[in-house]
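Structural characterization, general
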Amino acid sequence: MSVKDEISRRLNAAFSPSHLNIEDVSWQHAGHTAAPSGGESHFKVDIISAAFAGRSRVSCHRMVTTELSDLLAGPVHALQLSAKSA
């Protein structure tokens, strides 16, 4: 399973989002030290979920990064994140 697919699987299971878009933006970092040649290291995630209702932006980000913590410690070097309530 690709890293992008794993991110999608986890976020769908944890937050049942009404909108989820995951984009591999590793190509923007080609040549950087932490950017492997195969990509799948830098992602942009836009997620909208009722699970974020009444929470601060920081709290929403923490919820998402907690779900992805082992990926962020491993193959994912950077995550651009927009998390909003429905």
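Our subject is the structure listed above.
Structural notes, computed from the coordinates. (Residues numbered from 1 in each chain as written. Predicted model: local features only at pLDDT ≥ 70, side-chain atom pairs only at ≥ 80, totals over all residues. Heavy atoms only, no water.)

1. Notes on helix H1 (residues 3-15)
With 13 residues, H1 extends 18 Å from end C-alpha to end C-alpha; this agrees with the ideal 18 Å at 1.5 Å per step. The elements touched by buried residues of H1 are strand E1 (19-24), strand E2 (42-48), helix H2 (57-67) and helix H3 (69-72). Immediately downstream of H1, the backbone of Ser-16 shows phi near 40 degrees, a positive value. (Helix = DSSP H or I, 4+ residues; strand = E, 2+ residues; numbered from the N terminus. Expected span 1.5 Å × (residues − 1). Contact = heavy atoms within 4.5 Å.)

2. Some details on the sheet that holds E1
Pairing in this open sheet of three strands is mixed, and the strands run E1-E2-E3 from one edge to the other. Sheet topology places E1 and strand E3 (78-84) at the edges, where each strand pairs with a single neighbour. When strand polarity is set aside, the average angle formed by the axes of neighbouring strands in this sheet is 10 degrees. Across the face of the sheet, H1 comes into contact with E1 and E2 while running at roughly 25 degrees to E2. The sheet contacts of H2 involve E2 and E3, and relative to E3 the element is tilted by about 130 degrees. (Pairing = 2+ DSSP bridges. Axes fitted to C-alpha atoms, helices over the stretch in contact; angles between N-to-C directions.)

3. Describing the packing of aromatic side chains
Throughout the structure, instances matching the rule amount to one aromatic pair. Relative to Phe-52, the ring of Phe-15 has its centre 5.1 Å away and its plane inclined at 45 degrees; by these criteria the two rings are tilted. Linking Phe-15 in helix H1 with Phe-52 in the loop between E2 and H2, this pair joins segments that are 37 residues apart in sequence. Side by side, Phe-15 and Phe-52 carry an identical accessibility label, which is buried. (Phe/Tyr/Trp six-rings, centres within 6.5 Å; stacked < 30°, edge-to-face > 60°. Buried < 20%, exposed > 50% of the residue type's maximum accessible area, 1.4 Å probe, protein only.)

4. As for the nonpolar core
With 17 residues, the main nonpolar core has Ile-7, Leu-11, Phe-15, Val-45, Ile-47, Phe-52 and Val-64 as its most contacted residues. Only H1, E2, H2 and E3 provide two or more residues apiece to this core. It is H1 that contributes the most residues to this core, four residues altogether. Beyond its immediate stretch of four places on either side in the chain, Leu-11 contacts Ser-16, Pro-17, Leu-20, Val-45, Ile-47, Val-64, Glu-67 and Leu-68. (Core = buried A, V, L, I, M, F, W, Y, C linked by side-chain atoms within 4.5 Å.)

5. Describing the pattern of salt bridges
All told, the structure shown has three salt bridges when counted by the stated rule. For Arg-9, the salt bridge is made with Glu-6, and the minimal N-O distance between the two is 2.7 Å. With Arg-9 and Glu-6 both in helix H1 and three residues apart, this pair spans about one turn of that helix. Look at Arg-9 and you get partly exposed, because its relative accessible area is 44%. A salt bridge links Glu-6 to Arg-10, with the nearest nitrogen and oxygen atoms 2.7 Å apart. Taken as a pair, Glu-6 and Arg-10 lie in helix H1 at a separation of four residues, close to a single helical turn. Residues Glu-6 and Arg-10 agree in their burial class; the two are buried. (Salt bridge = Lys/Arg side-chain N within 4 Å of Asp/Glu carboxyl O.)

Geometric values such as these leave the question of function open.
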